[in-house]
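# Reading the structure
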Amino acid sequence: MPVIVMASAKGGAGKSTCSVLLATGFARLGAKVTILDCDPSQALSRWARRGLPSGIRHGGNPGPSEIIKAIQEADGDGNIVIVDLEGVASQTVSRAISQADLVLVPMQATALDAEIGSEALALVREEEEALRRKIRHAVVLTKTSAAVRSRVQRDLEEQLAAAGIDVINPTLVNRAAFGELFALGGDLQFMAADPNVKTGGRIEGAIENAEAFTEAVYRRLQEEGT
C-alpha cells in the first residue's frame, strides 16, 4: 500500500493538516490508514488522542533509527501510511522520503514559504540520486483564499509549472474547520453532524475542499500503481 510523506523545512506550512485530511479522507473511503508522527510539535498525536475515526491507527512517533522499520511494518500490514515529518532537514526526513511512494510538500503562497519549500524539493532530488529511482512528489498550496487567487499565488504557481513541479489542485483553503479538527478530534463529517460544534465558517465548504484534495492525491497514487 502507498506511503505518503509530508515534507517541509518550515513549521506551520500545513503538514499536519494535510496528514489529518488525507487520513480521514481515505478512511471514509474504506481504506485502513496508519499515521506516524515524527514532528516534535506532536500535532498529529494530539489530534489522535482526542479519538481516532474508524479505520485509522496511530503507529507511534519513530525517530531516525526506527522510521524505516515503522514505515515498512505499517506498509506490510496493507495500510496506507501517512508520515508527518519535522520541519527541518534531518536524518529522519531523508529516511522517510527514501520509503515514500508520494512526497507532498505543503507551502503557503508566500515568497518565504516558496524559498523554504524548495529545500524539501531538493531533499527529494538528493534521495532520488542516492536511490537511483524517481520519487513522485507534489506541492500543496495551503491556507489560500477562498475568494480570489493572490498575485503571489499566481506567480508561484507559474514558477512551479515552469520548473516542471507537480502542484495539487485544489489548494487547501484557509478554513476555520481545518484548525478545529486538532481541538476536537474526529473528522469534518463528525463536526458537521454535531450541533454543538461551532467552526466559524461553512463546514460544507471545508468538506468539499478536503474531499477534492483527497481525490487529487488518490489519482496520483493510481498513476504510480499504488
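You'll find the structure just up there.
This section reports on the structure supplied with the text. If you're wondering where the values come from, they're calculated on a predicted model, not measured in any experiment.

A separate point is the overall build of the chain. A tally of regular secondary structure across the chain gives nine helices and seven strands. For the chain, whose C-alpha radius of gyration is 16 Å, the value lies close to the compact-globule estimate of 17 Å for 226 residues. Dimensions of the chain along its principal axes, counting C-alpha atoms only, are 50 × 45 × 30 Å. Split into buried and exposed, the 226 residues of the chain put 52% on the buried side. Within the chain, counting contacts between residues at least 6 apart in sequence, those at least 24 apart form 74% of the total. With the model as given, the accessible surface of the chain reaches about 10400 Å², and the carbon-plus-sulfur share is 48%.

Where burial is concerned, most of strand 2 (residues 33–38) is hidden: six out of the six residues are buried. For the crossover that starts at strand 2, traverses helix 2 (residues 43–49) and ends in the parallel strand 3 (residues 56–58), the hand is right-handed. Bridge count for strand 2 against strand 4 (residues 80–85) is six bridges, and the pairing is parallel. Bridging from a neighbouring strand, cysteine 38 pairs with leucine 85 of strand 4.

Take threonine 34: it is sitting in strand 2. Of the residues examined, threonine 34 reaches a relative accessible area of 0% and is grouped as buried.

Between helix 1 (residues 15–28) and helix 7 (residues 176–184), whose axes approach to 11 Å, the crossing angle comes to 80°. By the angle between their directions, the pair helix 1 and helix 7 is classed as roughly perpendicular. Judged by residue contacts, Ser16, Thr17, Val20 and Leu21 of helix 1 engage Phe178, Leu181 and Phe182 from helix 7. In terms of residue class, the contact of helix 1 with helix 7 is built from five nonpolar, two polar and no charged.

On to the sheet that holds strand 5 (residues 102–108), then. Spatially, 3-2-4-1-5-6-7 is the arrangement adopted by the seven strands of the open sheet, whose pairing is parallel. A strand with exactly one partner marks an edge of an open sheet, and here the two such strands are strand 3 and strand 7 (172–173). Relative to strand 5, strand 1 (residues 3–6) runs parallel, the two being bridged by three bridges. Paired with isoleucine 4 across the strands is leucine 102, a residue of strand 5.

We now examine the state of the cysteines. As used here, a disulfide is simply a covalent bond connecting the sulfur atoms of two cysteines. Scanning the entire structure with this criterion turns up zero disulfides. Among the cysteines around cysteine 18, which has no disulfide bond, cysteine 38 carries the closest sulfur, lying 16 Å off. Note on cysteine 18: relative accessible area 0%, which makes it buried. For cysteine 38, a relative accessible area of 9% gives the class buried.

Basis of the calculations
- Residues numbered from 1 in each chain as written.
- Predicted model: local features only at pLDDT ≥ 70, side-chain atom pairs only at ≥ 80, totals over all residues.
- Heavy atoms only, no water.
- Helix = DSSP H or I, 4+ residues; strand = E, 2+ residues; numbered from the N terminus.
- Rg over C-alpha atoms; globule rule 2.2 N^0.38 Å.
- Buried < 20%, exposed > 50% of the residue type's maximum accessible area, 1.4 Å probe, protein only.
- Contact = heavy atoms within 4.5 Å.
- Areas by Shrake-Rupley, 256 points an atom, 1.4 Å probe, with all protein chains shown as cover.
- Right-handed = clockwise from strand over helix to strand, strands pointing away.
- Pairing = 2+ DSSP bridges.
- Axes fitted to C-alpha atoms, helices over the stretch in contact; angles between N-to-C directions.
- Parallel < 35°, antiparallel > 145°, perpendicular 65-115°, else oblique.
- Nonpolar A, V, L, I, M, F, W, Y, C, P; charged D, E, K, R; others polar.
- Disulfide = S-S within 2.5 Å.

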